[in-house]
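# Observations on the three-dimensional arrangement
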Amino acid sequence: MHIAITGNIGAGKTTLAALLGKHFGWDVFYEVVEENPYLKDFYEDMSRWAFHTQVFFLNSRFQQVSKISESQRGIVQDRTIYEDAHIFAKNLYTSGIMPQRDFDNYTALFHSMSSLVKPPDLIIYLKADLPKLLHQIQLRNREYERNLSPEYLRNLNDHYESWTQHYDHSKLLVVDANQLDFVHNPADLATIIRKVETALGIAS
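Small disclaimer: the values here were computed from a predicted structure and weren't measured. (Residues numbered from 1 in each chain as written. Predicted model: local features only at pLDDT ≥ 70, side-chain atom pairs only at ≥ 80, totals over all residues. Heavy atoms only, no water.)

Okay, the overall build of the protein next. Within the protein one finds eight helices and five strands. Ordered by position from N to C terminus, the α and β elements of the protein give β-α-β-α-α-β-α-α-β-α-α-β-α. Its C-alpha atoms give the protein a radius of gyration of 17 Å, within 12% of the compact-globule value 17 Å for 204 residues. By principal-axis analysis of the C-alpha atoms, the protein measures approximately 50 × 35 × 30 Å. For the protein, the proportion of its 204 residues judged to be buried stands at 48%. Nonlocal contacts in the protein, meaning residues at least 24 apart in sequence, comprise 78% of its contacts between residues at least 6 apart. Here the protein contributes 20 positive and 25 negative side-chain charges, whose respective centroids are spaced 3 Å apart. (Helix = DSSP H or I, 4+ residues; strand = E, 2+ residues; numbered from the N terminus. Rg over C-alpha atoms; globule rule 2.2 N^0.38 Å. Buried < 20%, exposed > 50% of the residue type's maximum accessible area, 1.4 Å probe, protein only. Contact = heavy atoms within 4.5 Å. Lys, Arg positive; Asp, Glu negative; His and termini not counted. Charge placed at Lys NZ, Arg CZ, Asp CG, Glu CD.)

Here the focus is the side chain of glutamate 83. Position of glutamate 83 relative to the elements: it lies in helix 4 (residues 81-94). The exposure class of glutamate 83 is buried, given its relative accessible area of 0%. A distance of 2.6 Å separates a polar atom in the side chain of glutamate 83 from the backbone nitrogen of threonine 80. (Polar contact = N/O pair within 3.5 Å; in protein donor to acceptor, adjacent residues only side chain to side chain.)

Take the pattern of salt bridges next. Using the criterion set out here, one finds seven salt bridges in the structure. In this structure, glutamate 83 and arginine 79 form a salt bridge, with 3.3 Å as the shortest nitrogen-oxygen distance. For arginine 79, a relative accessible area of 5% translates into the label buried. When salt bridges with common partners are traced through the structure, they connect Glu31, Arg61, Arg79, Glu83 and Asp84 into a single cluster. (Salt bridge = Lys/Arg side-chain N within 4 Å of Asp/Glu carboxyl O.)

Right, let's get into the nonpolar core. Counting 39 residues, the largest nonpolar core has Ile9, Phe42, Tyr43, Ile81 and Tyr152 as the members making the most contacts within it. Of all the secondary-structure elements, those providing two or more residues to this core are helix 2 (39-44), helix 3 (46-70), helix 4, helix 5 (100-114), strand 4 (122-127), helix 6 (130-140) and helix 7 (150-166). Dropping the residues within four chain positions of it, isoleucine 9 is found in contact with Tyr43, Arg79, Phe88, Leu133, Ile137, Arg140, Glu145, Leu148, Tyr152, Leu153 and Leu156. Ranked by size, the runner-up nonpolar core spans 24 residues in total, among them Leu126, Ala128, Ile192 and Val196. (Core = buried A, V, L, I, M, F, W, Y, C linked by side-chain atoms within 4.5 Å.)

On to the packing of helix 4 against helix 7, then. Where helix 4 meets helix 7, the closest approach of the two axes is 10 Å, and the angle between their N-to-C directions is 130°. When the interaxial angle is binned, helix 4 and helix 7 end up oblique. As for the relative orientation of helix 4 and helix 7, their crossing is right-handed in sense. For the pair formed by helix 4 and helix 7, the contact residues are Tyr82, Glu83, His86, Ile87, Phe88, Lys90, Asn91, Leu92 and Thr94 on the first element and Tyr152, Asn155, Leu156, His159, Tyr160 and Trp163 on the second. Each residue belonging to the contact of helix 4 with helix 7 can be placed in one class, and the counts come to eight nonpolar, five polar and two charged. (Axes fitted to C-alpha atoms, helices over the stretch in contact; angles between N-to-C directions. Parallel < 35°, antiparallel > 145°, perpendicular 65-115°, else oblique. Left-handed = near helix turned anticlockwise from the far one by under 90°. Nonpolar A, V, L, I, M, F, W, Y, C, P; charged D, E, K, R; others polar.)

Another point: empty space enclosed by the protein. If you walk through the whole model with that rule in mind, you get one cavity of 30 Å³ or more. In terms of lining, the largest cavity is formed by His2, Val65, Gln77, Thr80, Ile81, Tyr82, Val117, Lys118 and Pro120. Its residues assigned to classes, the lining of the largest cavity comprises five nonpolar, three polar and one charged. (1 Å grid on protein atoms, 1.4 Å probe; cavity = no way out; pocket = protein on both sides within 12 Å on 5 of 7 lines; lining within 4 Å. Points joined across faces, edges and corners; volume = space filled by probe spheres on them.)

This is how it looks when you write it as structure tokens:
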């Protein structure tokens, strides 16, 4: 099985990936964030570094799915290659941060890569509203995220809503993260696990 967790910055994807990986005994592929050499510069000057940052994420995600396709084990993936294009790059373009030329080049690269990618068996969309995102971003206190604007996060949420409504590559499970605390409440985590098992048709 290959499941992937999607959602906005601060939605709790990495934490849920770790918890599900532990429960099912599956390998976890985390998003390569800290290793992105452009990320700090991007948050300080988005227009200057948007293309570089997105290409790094796209390539790292493609490398991940290539390894996943060769694995014989269950996999939990933190964020998908689809989000790179349909959420983050598209948001940068529609917000006027990434110019048309860069966006067209990036999109062409994405289509070439995604044509070689097998979709996950299940995508879990962690849906979280702005107050929840801002609270969790503040709690983890990453230096490069301190200047994230509420408007930027709100725009990303809008793109997530649009994308998930039209996603049809595989099964999609929407989880309202606003109403759950799967970190501190075992019952909430158990609820998500049951939903995952039902969606995948596996026994608990």
